Amino acid sequence: MENASKALIIAGAILLSILIIALGIYVFNMAKSATNTNSLDELQIQAFNDQFKNYEGKLTGSQVKSLIDKMISNAGVNKEADEKLPDLCYIDWNGTKATGPNVNVNGQAGFGQKAGGDNIVSDVSAPNSSLMTQLRNGIANTHYYQVTMEPDETTGLIKIITIKY
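Below is a summary of the structure that appears in this document.

### Things to note about the overall build of the protein chain
For step 1, the next point in the chain: Looking only at helices and strands, the protein chain has four helices and eight strands in total.
For step 2, the next point in the chain: Along the chain direction, N to C, the helices and strands of the protein chain fall in the order α-α-β-α-β-β-β-β-β-α-β-β.
For step 3, the next point in the chain: A buried classification covers 32% of the 165 residues belonging to the protein chain.
For step 4, the next point in the chain: Taking the intrachain contacts of the protein chain between residues at least 6 apart in sequence as the baseline, contacts between residues at least 24 apart amount to 55%.
For step 5, the next point in the chain: Looking at the protein chain as shown, the accessible area adds up to about 10400 Å², and 57% of this sits on carbon and sulfur atoms.

### A short note on the nonpolar core
For step 1, the next point in the chain: Of all hydrophobic cores here, the largest spans 21 residues; its most connected members are Ile161 and Ile163.
For step 2, the next point in the chain: Listed by contribution, the elements that provide at least two residues to this core are helix H2 (42-53), helix H3 (61-77), strand E2 (87-91), helix H4 (126-138), strand E7 (144-151) and strand E8 (158-164).
For step 3, the next point in the chain: Broken down by element, this core gets its largest block of residues, four residues, from H3.
For step 4, the next point in the chain: Excluding residues that lie within four positions of it along the chain, Ile163 makes contacts with Val64, Leu67, Ile68, Leu88, Cys89, Tyr90, Ile91, Tyr145, Gln146 and Val147.

### Some points on the environment of Ile45
For step 1, the next point in the chain: Inspection of the secondary structure puts Ile45 in helix H2.
For step 2, the next point in the chain: Judged by its relative accessible area of 11%, Ile45 falls in the buried class.
For step 3, the next point in the chain: Taking the C-alpha atoms as reference, Ile45 lies 6.0 Å from Leu157; in sequence the two are 112 residues apart.

### Observations concerning a nonpolar patch on the surface
For step 1, the next point in the chain: A contiguous nonpolar surface patch, about 410 Å² in accessible area, is contributed by Ile10, Ile14, Leu15 and Ile18.
For step 2, the next point in the chain: Mapped onto the elements of the fold, Ile18 is located in helix H1 (residues 2-35).

### Some remarks on the pairing of E8
For step 1, the next point in the chain: Among the seven residues that make up E8, five are buried, leaving the element largely enclosed by the rest of the structure.
For step 2, the next point in the chain: Here five bridges tie E2 to E8, and the two strands are oriented parallel to one another. When the bridges of E8 are listed, Leu88 appears paired with Ile161.
For step 3, the next point in the chain: Taken together, the six bridges between E7 and E8 define a ladder with antiparallel strand orientation. Looking at E8, one finds that Gln146 is bridged to Lys164.
For step 4, the next point in the chain: The antiparallel hairpin formed by E7 and E8 contains six residues in its connecting segment, where Gly156 sits at a positive phi of about 85 degrees.

Analysis parameters
- Residues numbered from 1 in each chain as written.
- Predicted model: local features only at pLDDT ≥ 70, side-chain atom pairs only at ≥ 80, totals over all residues.
- Heavy atoms only, no water.
- Helix = DSSP H or I, 4+ residues; strand = E, 2+ residues; numbered from the N terminus.
- Buried < 20%, exposed > 50% of the residue type's maximum accessible area, 1.4 Å probe, protein only.
- Contact = heavy atoms within 4.5 Å.
- Areas by Shrake-Rupley, 256 points an atom, 1.4 Å probe, with all protein chains shown as cover.
- Core = buried A, V, L, I, M, F, W, Y, C linked by side-chain atoms within 4.5 Å.
- Patch = residues over 30% accessible without salt bridge, like charges linked within 9 Å, V, L, I, M, F, W, Y side chains within 5 Å.
- Salt bridge = Lys/Arg side-chain N within 4 Å of Asp/Glu carboxyl O.
- Pairing = 2+ DSSP bridges.

As C-alpha cells, then:
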C-alpha cells in the first residue's frame, strides 16, 4: 500500500510538471505573437503590392490617372504607416522630372530628389495630395506612359512608382 501511494504522488508530480511546462510554452507563444504584430506577413505584402502592380508597364493616360487616384486614396488609408506610402516619380517627355516635396521645380513648391536625381513625391498625404492632383490633371488621356515600380529591399513593399512619358 505504501508503494501505491508513492506511485500516485510521483504520477501527480509528473502531471503537474507537464501542466506547468505546457502553460510556460503557451505564455511564451502568446508573447512571441504579440511582438510580431508590427511586421507584415507575406500575404499582406503581396496584397498591398498587387493593388499597384496592376498598373505596371505601358499604360494610357486614363490608366495612369487611375493609378494616381489609387495612390491618393492609399495615402488617406495608410497615413500613419510611412512604409505603405510609395513615392511617385514623374519624368516628362523632355526628361524634366516633376513632383516631390521641399524644393521648387518649375515654379511649384513641394518638390525633392532621391539619390539618382529623380524628383519624387515622398509623401502623398494631405499637404501633397494637391501636387498629386496637379500631376493627375496634367496627364493626357490619349498618351502612353511607362510605369515601373521599385520594391523596398527591407520590407518588400513597393517604395517608388516611376511614371515616364
